[in-house]
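Single-letter residue listing:
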Amino acid sequence: MSRRKVDPLRPLSAEERTALERVARAQAERADRVARARALLAVADGASYTAAAAAAGRRSGDGVAHLVARFNRLGLAALDRQYGGGPPLQYGSAARDRILTEFHRAPDREQDGTATWSLTTLQRALRRASDGLPAVSTFTVFQTLHAAGYTVQANRTWCKTGAAQRKQKDGTVKTVTDPLATPKKT
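What counts, and at which threshold
- Residues numbered from 1 in each chain as written.
- Predicted model: local features only at pLDDT ≥ 70, side-chain atom pairs only at ≥ 80, totals over all residues.
- Heavy atoms only, no water.
- Helix = DSSP H or I, 4+ residues; strand = E, 2+ residues; numbered from the N terminus.
- Buried < 20%, exposed > 50% of the residue type's maximum accessible area, 1.4 Å probe, protein only.
- Contact = heavy atoms within 4.5 Å.
- Polar contact = N/O pair within 3.5 Å; in protein donor to acceptor, adjacent residues only side chain to side chain.
- Pairing = 2+ DSSP bridges.
- Axes fitted to C-alpha atoms, helices over the stretch in contact; angles between N-to-C directions.
- Parallel < 35°, antiparallel > 145°, perpendicular 65-115°, else oblique.
- Nonpolar A, V, L, I, M, F, W, Y, C, P; charged D, E, K, R; others polar.
- Left-handed = near helix turned anticlockwise from the far one by under 90°.
- Core = buried A, V, L, I, M, F, W, Y, C linked by side-chain atoms within 4.5 Å.
- Salt bridge = Lys/Arg side-chain N within 4 Å of Asp/Glu carboxyl O.

### Some thoughts on the overall build of the chain
Right, so step 1: Secondary structure summary: the chain contains nine helices and four strands in total.
Right, so step 2: When the helices and strands of the chain are placed in sequence order, the string is α-α-α-α-α-α-α-α-β-β-β-β-α.
Right, so step 3: A buried classification covers 33% of the 186 residues belonging to the chain.
Right, so step 4: Within the chain, residue pairs in contact and separated by at least 24 positions form 43% of the contacts whose partners lie at least 6 positions apart.

Listed below in structure tokens is the structure:
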């Protein structure tokens, strides 16, 4: 005799049942999503958690019980993967924007102690700022700048990839951009 279900599956709406059936039949869908959809449909059709797990190719009915509880809370979003562990992300888009904003600011020789940014001087400036990032690492700064399209040059200055400043004969400085910079990188 099986135990009483603590959190039984709520009645499925027509849209939810259609979406679950579509995912369960899909050939180009992720295998974990298909298994979750099959388990939920089996439970909705009256199968026990153990039988639903077997129908979905899983071993444990406890996992189906957790899936049912998550489906009751989240709906179809329960089919998606959950966060699988590892350290939580510390820096999101706001921190990335803050790093790039600080990078685009010209360094002050008195305050920053440099005329050009290096990873360490940029890290120090971000850690010192009142609205900065007090624990940011040079690796995070490097990844952020690299993802934004900047590379470190031989003279240890950071430049936008494919852009160079050329001094003209009349003394003006002009920025020229290579339109093929991105294709050349790959």
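### So, the side chain of Asp32
Right, so step 1: With respect to the secondary-structure elements, Asp32 resides in helix H2 (residues 31-44).
Right, so step 2: With a relative accessible area of 14%, Asp32 lands in the buried category.
Right, so step 3: Of the polar contacts made by the side chain of Asp32, one reaches the side chain of Arg30; its length is 2.8 Å.
Right, so step 4: Non-local contacts of Asp32, meaning those with residues more than four positions away in its chain, are made with Arg58 and Arg81.

### Side note on the pairing of strand S3 (residues 163-167)
Right, so step 1: Pairing analysis gives five bridges linking S3 to strand S4 (residues 173-177), with the strands arranged antiparallel. Counterpart to Gln165 in the pairing with S4 is Thr175.

### A word on the packing of H2 against helix H4 (residues 61-74)
Each pair of packed helices can be described by the angle between their axes along with the distance between the axes.
Right, so step 1: Two numbers describe how H2 lies on H4: the axes approach to 10 Å, and their chain directions differ by 85°. By the criterion of interaxial angle, the relationship of H2 to H4 is roughly perpendicular. Every residue of H4 that contacts H2 at Arg36, Ala39, Leu40 and Val43 is listed here: Val64, Leu67, Val68, Arg70 and Phe71.
Right, so step 2: When grouped by side-chain class, the residues that make up the contact of H2 with H4 number seven nonpolar, no polar and two charged.

### Topic: the packing of helix H1 (residues 14-25) against H2
Right, so step 1: Between H1 and H2, whose axes approach to 8 Å, the crossing angle comes to 130°. With respect to H2, the axis of H1 lies oblique. Crossing of H1 against H2: the hand is left-handed. Each of Arg17, Leu20, Glu21, Val23 and Ala24 in H1 lies in contact with H2, whose residues at this interface are Arg33, Val34, Ala37, Arg38, Leu40, Leu41 and Ala44.
Right, so step 2: Tallied by class, residues from the contact of H1 with H2 come to eight nonpolar, no polar and four charged.

### Some details on the nonpolar core
Right, so step 1: Counting residues in each nonpolar core, the largest one holds 22 residues, and the members touching the most others are Leu20, Leu40, Val43, Val64, Val68 and Phe71.
Right, so step 2: When residues of this core are traced back to their parent elements, those giving at least two are H1, H2, helix H3 (49-55) and H4.
Right, so step 3: The biggest single contributor to this core is H2, with seven residues.
Right, so step 4: Residue contacts for Val68: discarding those within four places in its chain leaves Asp7, Pro8, Leu9, Leu40, Val43 and Tyr49.
Right, so step 5: Counting residues in each nonpolar core, the second largest holds 13 residues, with Ala95, Ile99, Leu100 and Leu122 among its members.

### Considerations on the pattern of salt bridges
Right, so step 1: For the structure shown, the criterion picks out 13 salt bridges.
Right, so step 2: Measuring nitrogen to oxygen at the nearest pair gives 3.3 Å for the salt bridge that ties Asp45 to Arg17. Linking Asp45 in the loop between H2 and H3 with Arg17 in helix H1, this pair joins segments that are 28 residues apart in sequence.
Right, so step 3: Judged by its relative accessible area of 57%, Asp45 is exposed.

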